[in-house]
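# Chains, contacts and geometry: an overview
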Amino acid sequence: MRRIGLGAMIGAAAGLVAFLLSLAGALDTLEWKTLDWRLARLAGPGRVAERIAILLVDQKSLDHMAAEEDLPWPWPRSLYAPVIEYCRDAEARAVVFDLLFTEPSVYGEGDDAELGASVAGGGVILPFLAHAGDEGAPPPARFRPAPEGDGTVPAVPFLSATLPVESIRDGAAGLGNVLFLPDRDGVFRGVPAVFRSGGGAEALALPFAVWSVTEGTPVRADGGRLFLGDRTVPLDGEGRMLVRFRGPAGTIPSYSIASAIQSWVREREGGEISLPKELLRGRIVFIGSSAPGLLDLRPTPMSRVYPGVELHATVLDNLLAGDFLLRTPRWIEALRCVLAAALLGFLVGRARSPWRGALLLPLFVAVLAGAPLLFFRLGRWVPIVSPVLAVLLAFLAAQTAQYAVEGRRRRFLKHAFRHYLSPQVIEKILENPDRLALGGERKELTLFFSDLAGFTSLSEGLDPERLTALLNRYLSEMTDLIQAEGGTVDKYEGDAIIAFWNAPLDQPDHAARALRAGIGALRRLDEINPELERDAGRPLCMRIGIHTGSVVVGNMGSRERFDYSVIGDAANLASRLEGLGKVFRSPILVSEATWNAAEGAAAGREVGRVRVVGRREPTRVFQAAGPAGGPYLFPWWREGDRSFEEGLRAFEAGDLARAGEIFAALADDPVAGAYVDRIDALSGGALPPGWDGVWEMTSK
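Reference entry: report on the structure contained in this document. Bear in mind that the values here come from a model prediction, so they are computed numbers and not experimental data. (Residues numbered from 1 in each chain as written. Predicted model: local features only at pLDDT ≥ 70, side-chain atom pairs only at ≥ 80, totals over all residues. Heavy atoms only, no water.)

### Notes on the pairing of strand β26 (residues 588–591)
Operational definition: Only protein chains enter the accessibility calculation, which uses a 1.4 Å probe; a residue is then buried when its area is under 20% of its type maximum, exposed when over 50%, and partly exposed in between. In this description a helix means any DSSP run of H or I spanning at least four residues, a strand means any run of E spanning at least two, and both kinds are numbered starting from the N terminus. Pairing between strands is defined by DSSP: at least two bridges between them are needed.
Side chains Ile588 and Val590 project from β26 onto one buried face, and the interleaved Leu589 and Ser591 project onto a second face that is buried too. Inspection of the sheet shows strand β24 (residues 542–557) paired to β26 by three bridges, in the parallel sense. Within the sheet, the bridge partner assigned to Ile546 lies in β26 and is Val590. Taken together, the two bridges between β26 and strand β28 (residues 619–627) define a ladder with antiparallel strand orientation. Bridging from a neighbouring strand, Ser591 pairs with Val621 of β28.

If you want it as structure tokens, here you go:
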């Protein structure tokens, strides 16, 4: 009996420890991950999703406007006026912008005035930015709409605000803040409702402002609680509402904004419209961006690249439906932890052998982890990590006290450790345990970045099974080549591979290794392309960028989860070089730093000087043609031929006529063809002032 009582006491203590860890926030990251899993797997469409629609400035829209209208981003603001008019004609309830108009238009005051006149027609809500510091201007004395009540609801403080330009702002039906912070792990799960300035002015987050405007009812903040009409909005201690996601990106009906613009034009010309008005009728229409280059893709439980505008639309969907996601009270969490752990400790104390006690653990874990899944369907977020941790602690403590299995426990931890780190990093950590700490060291590495040309369009034409098999085969072959040269694969991003050399192990010849890996990868792709083409329907084309430079390498992440990776400008330049392959029509480009460090490991040539986005100084770019002495990657490669070099020097000196003649003679050389096109584009006028022969890249 004493042993049984001791087991119950140990279990109760373990349960209390687990709850206190949860209360202190030590388990937040793990609990968030379980919440993310539930949101991603158990999300269901909202009951009011048919009342919201999204018009996206997506990549298709950007490409269309650039190709058909010769309009680069940012577009003239007058372009949004017909979108607003089309929505009004479709009898949309409101138009909500998640695009900022905080600076005067680059197209002049008339451009702002035209959009402002359209906004003044009514039913348009605009975004603004509330800053914790003094980045913006002093906030106005009152925002519209603003919460009513005694002001005791938890609010996010702010000192300044960046508002839309006055000529556009004046006619808006309301303003809502769109600037707020994610959770500590960088994921957006909750949205603050109220923001309070130092002067006492209160503003609403964009979805709450939209609700107030469209419902014609003020948001009330009384007695520390927030009310939407007769509904109470559940807020945490920081004034945030937990978002109940309905599904992956695109769950809320979304359409390309280009289709709305085209439909407005074609309707007036008597043509066929591509966006039927029925799709917008009676809906609140959000206008935002999803194109990667516009930087409004946010990490959420549903995806690492979730459109920010759909996040706001999902919050509004929650407000309209009223089916909020509620976290169970802390006292229930404490009760679950202590009772479950005490019961397990009691049963382990009764067990006659450690094996019988061990059989109880998975049963307890299954119940404690499975029950919250059922409650989640009812809109309740019941914590999983703290009670599961409680029974784990109770089991380990009870078993240790009774059977002294400290060695077994250490083996368990060592096994778990191997799941998080690669064997190379583990060996380094075993030599120096201090490497477990977050942080890193500055070191010269050679960075490798590769991508498949046109993979997005290719993936759209394949079913998921064939696409996965194709991608796995390709990535396996490329990874084997990289690792054979001693490289460390940092990560995969879809079809892209990011790798580096000279860490964690020192490699004096890291640049040469990376060059050999790049050349080998292209050669191997040529060998397996006949097989891949049968599944893909076309051969795969790979582009590679390689750069050598100083970066920080080490353990990056949070205290609970980290990865051995690199950060620094050198990694960005490797990515830019891969992208330059489209410009120079070359499957592999390397920086001057890599070329010099490789010391003749490959045959090749300089292809020009380029100034990439984010760097002031131009970078000399080289093309590798194969290992020194051959065999070469390109059938047109002529070792020792100086024709291209002569053309390049003439181009850089500004003698475009001479350069054009030389490059035109190299008809089978794709890089020479790129220069011919470049010269043709420049030959229509005088050389730009300060000509230095550098290719200016204006995009990433």
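### Some remarks on the packing of aromatic side chains
How we decide: Here is the rule: rings of Phe, Tyr and Trp (six-membered ring for Trp) pair when centre to centre is within 6.5 Å. Planes less than 30 degrees apart are stacked, more than 60 are edge-to-face, and the remainder are tilted. In our convention, an over-ring charge means Lys NZ or Arg CZ found within 6 Å of a ring centre and within 35 degrees of that ring's normal.
Taken as a whole, this structure holds 23 aromatic pairs when the rule is applied. Arranged with centres 5.6 Å apart and planes meeting at 85 degrees, the rings of Phe245 and Tyr306 form a pair that is edge-to-face. Of the two residues, Phe245 is situated in the loop between β14 (240–242) and β15 (254–256) and Tyr306 in strand β18 (residues 306–307); the sequence distance between them amounts to 61 residues. Taking the relative accessible area as the measure of exposure, Phe245 reaches 1% and is therefore buried. A connected cluster of aromatic rings, assembled from ring pairs, spans Phe584, Phe644, Phe651, Phe663, Tyr675, Trp691 and Trp695. The aromatic ring of Phe180 is capped on one face by Arg298, whose charged end is 5.3 Å from the ring centroid. A cation over an aromatic ring shows up here: Arg678 above the ring of Trp695, its NZ or CZ 5.1 Å from the ring centre.

### Focus on the packing of helix α4 (residues 80–89) against helix α8 (residues 257–269)
Two quantities define a packed helix pair, namely the angle between the axes and the distance from one axis to the other. The following threshold applies: Axis definition: a line fit to C-alpha positions, over the contact stretch in the case of helices; interaxial angles, taken between N-to-C directions, run 0 to 180 degrees. An angle below 35 degrees is treated as roughly parallel, one above 145 as roughly antiparallel, one from 65 to 115 as roughly perpendicular, and anything else as oblique. Whether two residues touch is decided by their heavy atoms; if any such pair falls within 4.5 Å, the residues are in contact. Three classes are used, and their members are as follows: Ala, Val, Leu, Ile, Met, Phe, Trp, Tyr, Cys and Pro are nonpolar, Asp, Glu, Lys and Arg are charged, and the others, Gly among them, are polar.
Following both chains from N to C, one finds α4 and α8 inclined at 75 degrees, their axes separated by 9 Å at the closest point. In terms of orientation, α4 and α8 fall into the roughly perpendicular class. On α8, the residues touching Tyr80, Pro82, Val83, Glu85, Tyr86 and Asp89 of α4 are Ile257, Ala260, Ile261, Ser263, Trp264, Glu267 and Arg268. Taken together, the residues of the contact of α4 with α8 sort by class into eight nonpolar, one polar and four charged.

### Some details on the side chain of Arg246
Just so we agree on the cut-off: Whenever a nitrogen or oxygen atom comes within 3.5 Å of another N or O atom, the pair is scored as a polar contact, on the condition that within protein one atom can donate a hydrogen and the other can accept it, and that pairs from neighbouring residues in sequence are kept only if both atoms are in side chains.
Among the structural elements, Arg246 can be located in the loop between β14 and β15. Note on Arg246: relative accessible area 7%, which makes it buried. In this structure the side chain of Arg246 is engaged in a polar contact, spanning 2.8 Å, whose partner is the side chain of Asp323.

### So, the environment of Pro618
Inspection of the secondary structure assignment puts Pro618 in the loop between β27 (602–611) and β28. With relative accessibility at 26%, the residue Pro618 sits in the partly exposed group. Filtering out sequence-adjacent residues up to four positions away, Pro618 remains in contact with Arg609, Val610, Arg611 and Val694.

### Observations concerning the packing of helix α20 (residues 643–653) against helix α22 (residues 670–682)
Stated precisely, the cut-off is as follows: Helix crossings are classified by the rotation of the near helix relative to the far one: an anticlockwise turn of less than a right angle makes the crossing left-handed, while a clockwise turn makes it right-handed.
Across the interface, α20 lies against α22 with an axial gap of 12 Å and an inter-helix angle of 25 degrees. One element, α20, and the other, α22, form an angle in the roughly parallel class. Here α20 and α22 pass one another in a crossing that is left-handed. Two secondary-structure elements touch here, α20 through Phe644, Leu648 and Phe651 and α22 through Val671, Ala672, Tyr675, Arg678, Ile679 and Leu682. Of the residues belonging to the contact of α20 with α22, the class tally is eight nonpolar, no polar and one charged.

### So, the pattern of salt bridges
Quick reminder of the rule: Any carboxyl oxygen of Asp or Glu that lies within 4 Å of a side-chain nitrogen of Lys or Arg is treated as forming a salt bridge with it.
This model, assessed by the stated rule, comprises 47 salt bridges. The partner of Arg38 in a salt bridge is Glu31, with the nearest N and O atoms 2.9 Å apart. One salt bridge connects Lys491 with Asp490, and the closest N-O pair in it is separated by 3.1 Å. If you follow the salt bridges from partner to partner, you end up with Lys33, Asp36, Asp183, Asp185, Arg189, Asp236 and Arg240 in one network.

### Things to note about the sheet that holds strand β4 (residues 148–149)
Ordered by their spatial adjacency, four strands build an open sheet running β4-β11-β12-β13, and the pairing between neighbours is mixed. A strand with exactly one partner marks an edge of an open sheet, and here the two such strands are β4 and β13 (231–233). As paired strands, strand β12 (residues 225–228) and β13 are joined by three bridges and run antiparallel to one another. Its bridge partner lying in β13, Phe227 is registered against Thr232.

### Here's the deal with unusual backbone geometry
In this structure, the amide linkage connecting Trp73 to the following residue, Pro74, adopts the cis form with an omega of 0 degrees. Residue placement: Pro74 occurs in the loop between α3 (59–68) and α4. A positive phi is found at Glu91, a non-glycine position, where the angle reads about 65 degrees. Mapped onto the elements of the fold, Glu91 is located in the loop between α4 and β2 (94–97).

### Observations concerning the sheet that holds strand β5 (residues 156–158)
Within the open sheet, the three strands sit side by side as β5-β9-β10. Their pairing is mixed. Of all the strands in the sheet, just β5 and β10 (202–204) have a single pairing partner and so form its edges. Across the sheet, the mean angle separating the axes of adjacent strands is 30 degrees when strand polarity is ignored. Relative to β10, strand β9 (residues 194–197) is paired through three bridges, and the arrangement is antiparallel. Note that in β10 the partner of Phe195 across the bridge is Ala203.

Spatial relationships are all this shows, so hold off on functional conclusions.
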